[in-house]
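Coordinate inspection notes
Here's the letter readout for the chains.
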Amino acid sequence: MNNDLWLFGYGSLIWKADFEFVERCPANITGWARRFWQGSHDHRGTPDAPGRVVTLIDAPDEHCAGMAYRIAAPQVPTVLAHLDYREKNGYDRVETNTTLSDGRTVSALIYIANPDNFAHLGDADEQTIAQQIHTSNGPSGANRDYLIELHHALIELGAVDNHVARLFELVDLMGQNQQLPGS
Ligand code: SIN
């Protein structure tokens, strides 16, 4: 129990937990904001046409909602090897204080893509980000499905994330416009 590891997921790790864990709990971290600023060459895009996925940026006073998982000590090496591979496109492991929805505070591992990583795309206007998400595809599927899954996972958590909600609206609109006859 003492050597168990807490992991905090704020992107695909909220809804796609493809690893062994013994406990899962909605959670929050402070001082970080979620942004679609990281390029995806391996999951939701390709090296020639990267998609956009989320990372965290420094944002004092802001809170970021996600899901925390407790991984039993014996499983930690296997799970970390799996996650390091899954998050290999520019993410590093960082520890951060995490507040679980039941009031506990734990130190949890997060995967963050820092601005100096090779796949970092950074900020752009919402329309540009939405357009890139709307058109990108990779081995893990359509980039817009990543956004849709994230948006719905956050709603299920009762979390408000204006950046994600706004991009969801824009990409949804782009999909509707595409379906209009003659468009
Ligand atoms: C995370 O989900 O915590 C990291 C980013 C991602 O894999 O989408």
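Residues numbered from 1 in each chain as written. Predicted model: local features only at pLDDT ≥ 70, side-chain atom pairs only at ≥ 80, totals over all residues. Heavy atoms only, no water.

**Concerning the overall build of the protein chain**
This is how it is decided: Under the scheme used here, helices are H or I runs from DSSP no shorter than 4 residues and strands are E runs no shorter than 2 residues, and both carry numbers assigned from the N terminus. A radius of gyration in this sense is built from C-alpha atoms; the matching globule rule multiplies 2.2 Å by the number of residues raised to 0.38. Between buried and exposed lies partly exposed: a residue is buried under 20% and exposed over 50% of the maximum accessible area for its type, with that area taken using a 1.4 Å probe on protein chains only. Should any heavy atoms of two residues lie within 4.5 Å, those residues are counted as being in contact. None of His or the chain ends enter the tally, which takes Lys and Arg as positive and Asp and Glu as negative. By convention, the charge on Lys lies at NZ, on Arg at CZ, on Asp at CG and on Glu at CD.
What the protein chain contains, in helices and strands, is five helices and seven strands. Helices and strands appear in the protein chain in the N-to-C order β-α-β-β-α-β-β-α-β-β-α-α. Its C-alpha atoms give the protein chain a radius of gyration of 16 Å, within 12% of the compact-globule value 16 Å for 183 residues. The principal-axis extents of the C-alpha atoms in the protein chain amount to approximately 60 × 30 × 30 Å. Burial statistics for the protein chain: of 183 residues in total, 50% are counted as buried. For the protein chain, the share of sequence-separated contacts (at least 6 apart) that also reach a separation of at least 24 residues comes to 73%. In the protein chain, the 13 positive side-chain charges and the 24 negative ones have mean positions that sit 4 Å from each other.

**Quick word on helix H2 (residues 76–86)**
As a reminder, the rule being used: What the arc measures is the spread of directions leading from the helix axis to the C-beta atoms.
Regarding H2, the residues found buried are Val76, Val79, Leu80, Leu83 and Arg86. Angular distribution of buried residues about the axis of H2 spans 125 degrees; they occupy a single face of the element. Pointing more than 90 degrees away from the buried face of H2 are the exposed residues Pro77, Thr78 and Tyr85.

**What to know about the packing of aromatic side chains**
Condition: Only centres within 6.5 Å qualify two rings of Phe, Tyr or Trp (six-membered ring in Trp) as a pair; their planes then separate them into stacked at under 30 degrees, edge-to-face at over 60, and tilted for everything else. Only when the NZ atom of a Lys or the CZ atom of an Arg is both within 6 Å of the ring centre and within 35 degrees of the ring normal do we say a charge sits over the ring.
In the structure shown here, the tally under the stated rule is five aromatic pairs. Judged by centre distance (5.8 Å) and plane angle (85 degrees), the ring pair of phenylalanine 36 and tyrosine 146 falls under edge-to-face. Pair noted here: phenylalanine 36 is in strand E2 (residues 23–40) and tyrosine 146 is in helix H4 (residues 143–157), with a separation of 110 residues, a long-range link. Given a relative accessible area of 5%, tyrosine 146 falls into the buried group. Feature note: the residues Trp15, Phe36 and Tyr146 constitute an aromatic cluster, connected by ring pairs. The side chain of lysine 88 reaches across the aromatic face of tyrosine 85, ending 4.4 Å from its centre.

**Considering helix H5 (residues 162–179)**
Note that an α-helix has 3.6 residues per turn; residues three or four places apart therefore point the same way. The condition that has to hold: To estimate the expected span of a helix, subtract one from its residue number and multiply by 1.5 Å. Here a polar contact is taken to be a pair of N or O atoms separated by no more than 3.5 Å, where protein atoms must pair a possible hydrogen donor with a possible acceptor and residues adjacent in sequence count only if both atoms sit in side chains.
A rise of 1.5 Å per residue sets the reference length of H5, with its 18 residues, at 26 Å; its end C-alpha atoms lie 26 Å apart and thus fit the reference within 8%. If you check which residues of H5 are buried, you get His163, Val164, Leu167, Phe168, Leu170, Val171, Met174 and Gly175. Of the surrounding secondary structure, the elements contacted by the buried residues of H5 are E2, helix H3 (126–135) and H4. Where H5 begins, the side chain of aspartate 161 points an oxygen toward the backbone nitrogen of histidine 163, at a separation of 3.2 Å.

**Regarding the environment of tryptophan 6**
The residue tryptophan 6 is located in strand E1 (residues 5–9) in this model. Spatially, the C-alpha atom of tryptophan 6 lies 9.3 Å from that of arginine 24, the residues being 18 residues apart in sequence.

**Considerations on the packing of H3 against H4**
The following threshold applies: To get an axis, a line is fitted to the C-alpha atoms, and for a helix only the part in contact is used. The angle between two axes follows their N-to-C directions and goes from 0 to 180 degrees. These descriptions rest on fixed angle ranges, namely under 35 degrees for roughly parallel, over 145 for roughly antiparallel, 65 to 115 for roughly perpendicular, and the rest for oblique. For this scheme, ten residues count as nonpolar: Ala, Val, Leu, Ile, Met, Phe, Trp, Tyr, Cys and Pro. Four count as charged, namely Asp, Glu, Lys and Arg, and the remainder, Gly too, count as polar.
Packing of H3 against H4 leaves a shortest axis separation of 5 Å and a crossing angle of 110 degrees. The angle between H3 and H4 places the two elements in the roughly perpendicular class. Residues Gln132, Ile133 and His134 of H3 pack against Asn143, Arg144 and Leu147 of H4. The residue makeup of the contact of H3 with H4, split by class, is two nonpolar, three polar and one charged.

**Some points on the sheet that holds strand E4 (residues 91–100)**
The following threshold applies: By the convention used here, strands pair only if DSSP detects at least 2 bridges between them.
Strand order in this closed barrel of five strands is E1-E3-E2-E4-E5, and the pairing throughout is mixed. Direction aside, the axes of adjacent strands within the sheet are offset by 40 degrees on average. Of the strands in this sheet, E2 and strand E3 (51–71) are in contact with H4, which crosses E3 at around 75 degrees.

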